[in-house]
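Survey of secondary and tertiary structure
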Amino acid sequence: MNGTTGNSTNGNGANGNNFGQLLNLVRASLVKDLRLEWRSKDAINSMLFFALLVVVIFSFSFDPTAEDSRHIAGGILWVAFLFAAVVALNQTWAREMRNQVLDAFRVSPAPPLALFLSKVLANFLFVGILESLMAPLFVVFYNLNSVGPVYQLLITGVLGTWALVVNGTFFAAMSLRTRSREVMLPLILFPISIPAVLAMVQATTAVLTGEASPRFWMTLLGVYDVVFTLVCVLLFETVLQAE
Amino acid sequence: MKPKMAIFVGVAIPLLVNGTYQALVVAPTEQTMGDVQRIFYYHVPNAWSGAFLLFINLCASVWYLITRNAAADALAVAAAEVGVVFATIVLVTGPIWARPVWGIWWTWDARLTSTLVLWLIYVSYLILRRFAAGGQTPILAAVLAIFAFVDVPIVYLSIWFFRTQHPSPVFGGNGSLDPQMKTAFFMNLFSFTVYALLLLNLRYGLERKRQIFEESQAAALSL
């Protein structure tokens, strides 16, 4: 009995250390990515300009000043974010390819999970910054004001961004090993993301128009996030080590 | 042709001929929809076979990830390709039926949209296989197959929440079916399953030959 207790305590202690180590690794890698991005601003600038272009082009396709523009604004908003996110996601692993950084990571004893989580968090921050910069622009261009409570838009934004970014980072790692990888990412990311995109758009439209409850769609997004984060975490090592 | 394959073909073709005869001649004409309803004997068995093949793809992919056995990957690619063909037939025969009966070619209801999304996911699977580099292809494809499997229930749930127009299942529901229709349907279901397995087997054999050829070429080069 005592032996078992002792073992489990040791086990917990080791797990605690492992978790601390994991956090340290995630933080180190994340800080590195953020510093690189802060100095070059490659991802943020290209994303911002791309999203701006999408918004302007959409405003020619649909009448943005129409009274019912808030019925389509949710869709346009998320399509712009989706396309812009792909621009950033495609650059996620590019800098790890230079000088064989990724190969070095592969042979290092650091858990692949740390690398994946730091990349997801970095992308989440980039896309989140993009969204918070673009949202005011949308309000101006599409003359938006929300009928429903704004905090629900924030929750939908966080859940939706995570849904795009967690799968996007994973699939970007997968498309690294393909020819014409920049084209490959949206081709595999978009079909899998269809339910998430549907949920984001429906939740946003529901809040903006105040005509329906976004509860179901927000729950669905939450479930999608949990399920796919789990799948990504479980399968990332397989993809990283694929030979 | 190997004798085993000859028997397979010898069984599948008469089954398909009989199935077509049952569907077009023996089964009575449906009261309200008329002859266009007969596409049902074709549409549903194809849908079942397609779903069955894509399920085989999932099993083969998981099997591959566990054992890294090249045969499992050959089965996965064969099942995905043939499955996409069957799913395409479903997506084509559905609108042919829907136009005269519903008055529209397509509607965004749960079953139609889920089938379409499933089809899109598996086409992206095949594209990934074409674009992936060399030895990593099977692993990446197997991983994507697992994503596809996880995605399908979420897709169905999300689109079901809209509204559904597709006729509810005839069996087990409150629908009643003429016994001759039932016979024709089950004969076709059986025939198309056998036919799907035949195609799967052929494509699997081809893929295995390709793998073995590539291995022997690599071995010859390394000498």
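Residues numbered from 1 in each chain as written. Chains lettered and ligands numbered in written order. Predicted model: local features only at pLDDT ≥ 70, side-chain atom pairs only at ≥ 80, totals over all residues. Heavy atoms only, no water.

**Thoughts on the overall build of chain A**
- Helix and strand content of chain A: 9 helices and 0 strands.
- Based on the C-alpha atoms only, the size of chain A along its principal axes is roughly 70 × 50 × 30 Å.
- Out of the 243 residues in chain A, the part that is buried amounts to 50%.
- For chain A, the share of sequence-separated contacts (at least 6 apart) that also reach a separation of at least 24 residues comes to 84%.
- Carbon and sulfur atoms provide 66% of the accessible area of chain A, an area that totals close to 11,600 Å².
- The centroid of the 14 positive side-chain charges in chain A is displaced by 10 Å from the centroid of its 14 negative side-chain charges. (Helix = DSSP H or I, 4+ residues; strand = E, 2+ residues; numbered from the N terminus. Buried < 20%, exposed > 50% of the residue type's maximum accessible area, 1.4 Å probe, protein only. Contact = heavy atoms within 4.5 Å. Areas by Shrake-Rupley, 256 points an atom, 1.4 Å probe, with all protein chains shown as cover. Lys, Arg positive; Asp, Glu negative; His and termini not counted. Charge placed at Lys NZ, Arg CZ, Asp CG, Glu CD.)

**Section: the nonpolar core**
- The biggest cluster of nonpolar side chains holds 103 residues, and the ones touching the most others in it are Met-47, Phe-170, Phe-171 and Met-174 of chain A together with Leu-144 and Phe-147 of chain B.
- Considering each element in turn, this core owes the most residues, 14 residues, to helix H5 (residues 137-160) of chain B.
- Discounting chain neighbours no more than four positions away, the residues touching Phe-170 of chain A are Phe-116, Cys-232, Leu-235, Phe-236 and Val-239 of chain A together with Val-143 and Phe-147 of chain B.
- With 10 residues, the next largest nonpolar core counts Leu-16, Leu-53, Phe-192 and Ala-196 of chain B among its residues. (Core = buried A, V, L, I, M, F, W, Y, C linked by side-chain atoms within 4.5 Å.)

**Some details on the interface of chain B and chain A**
- Listed per partner, the contact involves 30 residues of chain B and 30 residues of chain A.
- Taken over both partners, the interface formed by chain B and chain A buries close to 2,700 Å², and the fraction arising from carbon and sulfur atoms is 82%.
- Three residues, Phe-131, Phe-147 and Ile-154 of chain B, lead the burial of chain B against chain A; their summed loss comes to 24% of the area buried on that side.
- Where chain B packs against chain A, one counts 0 salt bridges.
- Where chain B meets chain A, there are 2 residue pairs in polar contact (both at pLDDT 80 or more). (Buried area = accessible area lost by both parts, 1.4 Å probe. Salt bridge = Lys/Arg side-chain N within 4 Å of Asp/Glu carboxyl O. Polar contact = N/O pair within 3.5 Å; in protein donor to acceptor, adjacent residues only side chain to side chain.)

**A word on unusual backbone geometry**
Residue and element names in this part refer to chain A.
- Phi at Lys-41 takes a positive value of approximately 55°, unusual for a residue other than glycine.
- Within the secondary structure, Lys-41 is located in the loop between helix H1 (2-40) and helix H2 (42-61).
- Overall, the relative accessible area of 34% leaves Lys-41 in the partly exposed class.
- Even without a glycine there, the phi angle at Asn-99 is positive, about 55°.
- By secondary structure assignment, the location of Asn-99 is in the loop between helix H4 (94-97) and helix H5 (101-107).

**Things to note about the environment of Leu-208 of chain A**
Residues and elements named next belong to chain A.
- Inspection of the secondary structure assignment puts Leu-208 in helix H8 (residues 181-209).
- Each C-alpha atom of the pair Leu-208 and Met-134 lies 16 Å from the other, and the pair is 74 residues apart in sequence.
- Not counting residues within four places of it along the chain, the set of residues in contact with Leu-208 comprises Arg-70, Ala-73, Gly-74, Leu-144, Asn-145, Ser-146, Val-147, Gly-148 and Leu-153.

**Quick notes on the environment of Asn-18 of chain A**
- Summarising the element assignment, Asn-18 of chain A is placed in helix H1.
- On the basis of relative accessibility, which here comes to 44%, the residue Asn-18 of chain A falls in the partly exposed class.

**A few points about the packing of aromatic side chains**
- As enumerated under the stated definition, the model contains 23 aromatic pairs over all chains in all.
- With a centroid separation of 5.3 Å and 65° between ring planes, the pair formed by Phe-40 of chain B and Tyr-41 of chain B is classed as edge-to-face. Take Phe-40 of chain B and Tyr-41 of chain B: they sit in the same class, and that class is buried.
- Here Phe-185 of chain B and Phe-186 of chain B contribute two aromatic rings whose centre-to-centre distance is 5.2 Å and whose plane-to-plane angle is 75°, an arrangement assigned as edge-to-face.
- Judged by its relative accessible area of 42%, Phe-186 of chain B falls in the partly exposed class.
- An aromatic cluster of at least three residues, connected via ring pairs, comprises Trp-93, Phe-116, Phe-170, Phe-171, Tyr-224, Phe-228 and Phe-236 of chain A together with Phe-147 of chain B. (Phe/Tyr/Trp six-rings, centres within 6.5 Å; stacked < 30°, edge-to-face > 60°.)

**Focus: H8 of chain A**
Residues and elements named next belong to chain A.
- With 29 residues, H8 extends 39 Å between its outermost C-alpha atoms, agreeing within 8% with the 42 Å of an ideal straight helix rising 1.5 Å per residue.
- Across the 29 residues of H8, 22 count as buried, placing the element largely inside the fold.
- Gly-210 occupies a position one or two residues after H8 and carries a positive phi of about 70°. (Expected span 1.5 Å × (residues − 1).)

**Examining empty space enclosed by the protein**
Residue and element names in this part refer to chain A.
- Across all of its chains, the model carries 2 cavities of 30 Å³ or more by this definition.
- Taken as a whole, the largest cavity holds about 70 Å³ of empty space.
- Contributing to the lining of the largest cavity are Asp-33, Glu-37, Ala-43, Ala-88, Gln-91, Thr-92, Arg-95, Lys-119, Ala-122, Asn-123 and Phe-126.
- For the lining of the largest cavity, the class distribution of residues is 4 nonpolar, 3 polar and 4 charged.
- Here the second largest cavity is characterised by a volume of approximately 50 Å³.
- Listed by contribution, the elements that provide at least two residues to the lining of the second largest cavity are helix H3 (69-91) and helix H7 (150-175).
- Classifying every residue of the lining of the second largest cavity by side-chain character gives 5 nonpolar, 2 polar and 1 charged. (1 Å grid on protein atoms, 1.4 Å probe; cavity = no way out; pocket = protein on both sides within 12 Å on 5 of 7 lines; lining within 4 Å. Points joined across faces, edges and corners; volume = space filled by probe spheres on them. Nonpolar A, V, L, I, M, F, W, Y, C, P; charged D, E, K, R; others polar.)

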